[in-house]
Structures are given as structure tokens and as C-alpha cells.
Amino acid sequence: MAQLSFHSPVGDLTLSEEDDMIVSLDWGWSPFSEKTSFLEKAKQQIEDYFDGLKPDFTLPLNPHGTDFQKRVWLEMSKIYYGKTKTYGDISEILHSHPRAIGTACGLNPIPIIIPCHRIMGQSGKLTGYSGGEGIETRKFLLELEKATV
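In this report, we go over the structure that sits alongside the text. (Residues numbered from 1 in each chain as written. Predicted model: local features only at pLDDT ≥ 70, side-chain atom pairs only at ≥ 80, totals over all residues. Heavy atoms only, no water.)

What helix α2 (residues 67-77) keeps buried is the set Q69, V72, W73, E75 and M76. What you see down the axis of α2 is that its buried residues fit within an arc of 160°, all on one side. Residues of α2 that are buried make contact with α3 (87-94), α4 (98-106) and β5 (119-120). (Buried < 20%, exposed > 50% of the residue type's maximum accessible area, 1.4 Å probe, protein only. Helix = DSSP H or I, 4+ residues; strand = E, 2+ residues; numbered from the N terminus. Arc of directions from axis to C-beta. Contact = heavy atoms within 4.5 Å.)

Once that is clear, we can look at the pattern of salt bridges. By the definition in use, this model includes four salt bridges. Across the pair K43 and E47 runs a salt bridge whose closest N-O atoms are separated by 3.7 Å. Residue K43 and its partner E47 are located together in helix α1 (residues 37-50), separated by four residues, close to a single helical turn. Put simply, K139 and E136 hold a salt bridge, and the shortest N to O gap is 3.5 Å. One end of the pair, K139, and the other, E136, are both in helix α5 (residues 135-144), three residues apart, so they sit about a helical turn from each other. (Salt bridge = Lys/Arg side-chain N within 4 Å of Asp/Glu carboxyl O.)

Glancing now at the pairing of strand β3 (residues 21-27). Across six bridges, the pairing between strand β2 (residues 13-18) and β3 is antiparallel. Within the sheet, the bridge partner assigned to L15 lies in β3 and is L25. Connecting β2 to the antiparallel partner β3 that follows it, the hairpin turn spans two residues, and D19 within it adopts a positive phi of roughly 55°. (Pairing = 2+ DSSP bridges.)

Before going further, it helps to spend a moment on the sheet that holds strand β1 (residues 2-6). Across the sheet, which stays open at both edges, the three strands sit in the order β1-β2-β3 with antiparallel pairing between neighbours. Looking at the sheet topology across the chains shown, the edges are occupied by β1 and β3. On average, adjacent strands in this sheet sit at an angle of 20° to one another, irrespective of strand direction. (Axes fitted to C-alpha atoms, helices over the stretch in contact; angles between N-to-C directions.)

Further remarks concern the side chain of E145. Checked against the element boundaries, E145 lands in the segment after α5. A relative accessible area of 4% places E145 in the buried class. A distance of 3.0 Å separates the side chain of E145 from the backbone nitrogen of G82, its partner in a polar contact. Aside from chain neighbours lying at most four places away, what touches E145 is Y49, Y81, G82, H117 and R118. (Polar contact = N/O pair within 3.5 Å; in protein donor to acceptor, adjacent residues only side chain to side chain.)

Nothing here speaks to function; it is geometry throughout.
Okay, here's the thing in C-alpha cells:
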């Protein structure tokens with residue numbers, strides 16, 4: 001597995017890839033960071049996102065998780081830049097429970113690219129966030145996108 005670490009407005013991030021597919025995006029710096037053309041392209045798309053260019057991430061993804069988690073992450077990926085949905089919205093689509101959706105969101109291995117920050121609690125309430133500085137990071141990402149809550 002190749003990894004590439006870089007600085008971002010929400011802290012140091014590390015991208016990991018297997019077989020030219022992103023498998024994780026983590027907060028922190030990897031001592032095993034190495035440049036590959038694929039990871040450089042992925043890093044550039046994330047930097048474009050932070051520059052406010054509203055990129056459509058075109059990276060092949062292979063998040064590791066259960067079938068249910070992957071269905072949740074796929075639904076999250078369908079939420080457009082600057083838009084939000086609630087855990088309840090996703091639970092209706094997947095015929096599940098909002099808490100199960102929340103659990104899957106918290107286990108999202110590729111935040112930002114799979115935009116779990118766009119999932120809100122009931123009535124648009126900001127709930128926890130597993131990355132960076134928690135809710136402050138979520139607020140930053142939503143403000144960057146000028147998201148409607």
C-alpha cells in the first residue's frame with residue numbers, strides 16, 4: 001500500500017492507495033509517505049477542493065467495509081457539493097435506521113472525498129465528526145462549500 005502525506009487547511013492528511021484505488025484518507029502524517037503519480041493526482045484534486053474549485057472527485061475508490069457501509073458511503077457520494085442531507089434522509093433511501101447511518105458515517109475511511117461532513121442530524125443539527133478537530137472541521141468544510149443546511 002502506497003501512502004502520501006501532505007498539509008491541508010484541516011491539518012496533515014495521508015492518502016492511501018492499493019492497486020491505483022484510494023482506500024483511505026486519514027488525519028496525520030505517515031512516516032511511509034511516497035510519491036506516486038496516482039497519489040499526486042489524488043492530492044491535486046483534494047487541493048483543488050480546498051481552493052474552492054468545487055472539483056468532482058474522479059478518483060477510483062475502494063473503501064474497506066461491510067456491504068451496508070459501502071451502500072451508505074455510495075449514497076453520501078451522491079450528495080452534491082454545497083448540499084446536505086440528514087441521517088434520516090439516507091435511512092429512508094436505504095430502508096434502515098438513522099443510527100445505523102450515523103455509525104457507517106463515523107467509519108467512513110475516505111472522508112472529504114466521500115463527503116460524510118454533508119450528513120446532518122435531524123433539522124440540520126451538526127453532530128460529531130470523526131476527522132480532524134471534530135465538529136470544527138465539519139463546520140470548516142461546510143463553510144468552504146457554502147453548504148445549505
